[in-house]
Amino acid sequence: QVQLVESGGGLVQPGGSLRLSCTASGSIFSIPVLGWFRQAPGKKREFVGGINGNGYTYYADSVKGRFTISRDGAENTGYLQMSSRKPEDTALYYCARSNAYGSTSPGAFGSWGQGTQVTVSS
């Protein structure tokens, strides 16, 4: 089973940009849908966006227009490009896999990575 590892988190100022990576232990294209989630302290895990093998993406309304998901087959890596960061974007960010495009529930995803912390603060 493919394992996923997130990286790239850190501290960013409001309005700044940051790119997270999700590296797969095997071919990224063996993952039908690569999803991104986030979880802030005391809150439920929240869907951020997803991408399928054809490059089609879908996003949560809260990040639409600010976040962009992509995947690079040569690097076996998926990316979450975050722009126009807001303090409420502070969370632990995870990537995971699903078999169903359009899935947004954490229960529809598996092979979770360990997460990478993103903090938006001045």
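Up top is the structure these notes are about.
Note that this is a predicted model, so its numbers are computed, not measured. In this convention, every chain numbers its residues from 1, walking through the sequence in written order. Per-residue local features of the predicted model are confined to residues with pLDDT of at least 70, and side-chain atom pairs are confined, for both listing and counting, to 80 or more; whole-chain, interface and lining totals are unaffected and use all residues. The basis for every side-chain value is the complete set of non-hydrogen atoms in the structure, without hydrogens or water.

1. What about the side chain of Ser-21?
Stage number 1. Secondary structure counts use DSSP, requiring at least four H or I residues in a row for a helix and at least two E residues in a row for a strand, with both numbered from the N terminus. Within the fold, Ser-21 resides in strand S3 (residues 18-24).
Stage number 2. Only protein chains enter the accessibility calculation, which uses a 1.4 Å probe; a residue is then buried when its area is under 20% of its type maximum, exposed when over 50%, and partly exposed in between. Residue Ser-21 is classed as buried on the basis of its relative accessible area, which comes to 14%.
Stage number 3. Only heavy atoms enter the contact rule, under which two residues are in contact if any of them lie within 4.5 Å. Setting aside residues up to four positions removed in sequence, Ser-21 forms contacts with Val-5, Glu-6, Ser-7, Trp-36, Thr-77, Gly-78 and Tyr-79.

2. A closer look at the state of the cysteines
Stage number 1. For the purposes of this analysis, a disulfide is any pair of cysteine sulfur atoms at a distance within 2.5 Å. As enumerated under the stated definition, the model contains 1 disulfide in all.
Stage number 2. The side chain of Cys-22 participates in a disulfide bridge whose partner is Cys-95; the two sulfur atoms lie 2.1 Å from each other. Of note, the bridge from Cys-22 to Cys-95 carries an S-S torsion of about 75° and is right-handed in sense. With Cys-22 in strand S3 and Cys-95 in strand S9 (residues 91-98), the pair connects residues that are 73 residues apart, well separated along the chain.
Stage number 3. On the basis of relative accessibility, which here comes to 0%, the residue Cys-22 falls in the buried class.
Stage number 4. Owing to a relative accessible area of 0%, Cys-95 belongs among the buried residues under this scheme.

3. Structural notes on the packing of aromatic side chains
Stage number 1. A pair of aromatic rings is counted whenever rings of Phe, Tyr or Trp (Trp by its six-membered ring) have centres within 6.5 Å, and the orientation is called stacked for planes under 30 degrees apart, edge-to-face for over 60 and tilted otherwise. For the structure on display, the rule yields 6 aromatic pairs.
Stage number 2. The rings of Phe-37, Phe-47, Tyr-58, Tyr-94, Tyr-101, Phe-109 and Trp-112 are connected pair by pair, giving a single aromatic cluster.
Stage number 3. Only when the NZ of Lys or the CZ of Arg is both within 6 Å of the ring centre and within 35 degrees of the ring normal is a charge said to sit over the ring. Lying over the aromatic face of Tyr-79, Arg-19 brings its terminal NZ or CZ to 4.1 Å of the ring centre.
Stage number 4. Residue placement shows Arg-45 over the ring face of Tyr-94; its charged tip is 3.9 Å from the ring centre.

4. Looking at the pattern of salt bridges
Stage number 1. Here, a salt bridge means any side-chain nitrogen of Lys or Arg that lies within 4 Å of a carboxyl oxygen of Asp or Glu. Evaluated as defined, the whole model comprises 5 salt bridges.
Stage number 2. The closest approach of N and O atoms between Arg-85 and Asp-89, which form a salt bridge, is 3.3 Å. The two residues Arg-85 and Asp-89 agree in class, both being buried.
Stage number 3. Here the residues in one salt-bridge network are Arg-38, Glu-46, Arg-66, Arg-85 and Asp-89, joined through shared partners.

5. Overview of the side chain of Asn-52
Stage number 1. Relative to the assigned elements, Asn-52 resides in strand S5 (residues 46-52).
Stage number 2. Here the side chain of Asn-52 touches Tyr-56 through a polar contact of 2.9 Å, landing on its backbone nitrogen. We call two N or O atoms a polar contact when they sit within 3.5 Å, provided that within protein one can donate a hydrogen and the other can accept it, with sequence-adjacent residues counted only if both atoms are side-chain atoms.

6. What about the sheet that holds strand S6 (residues 57-59)?
Stage number 1. Strand pairing follows a simple DSSP-based rule, namely that at least 2 bridges must link the two strands. Taken together, 6 strands build an open sheet; the order of strands is S2-S10-S9-S4-S5-S6 and the sheet is mixed. Since the sheet does not close on itself, it has two edges, and those belong to strand S2 (10-12) and S6, each with one partner. Strand-to-strand, the axes of this sheet are offset by a mean angle of 25°, without reference to chain direction.
Stage number 2. Here 7 bridges tie strand S4 (residues 33-39) to S9, and the two strands are oriented antiparallel to one another. The axes are straight lines fitted to the C-alpha atoms, using for helices just the contacting stretch, and the angles between their N-to-C directions are given from 0 to 180°.

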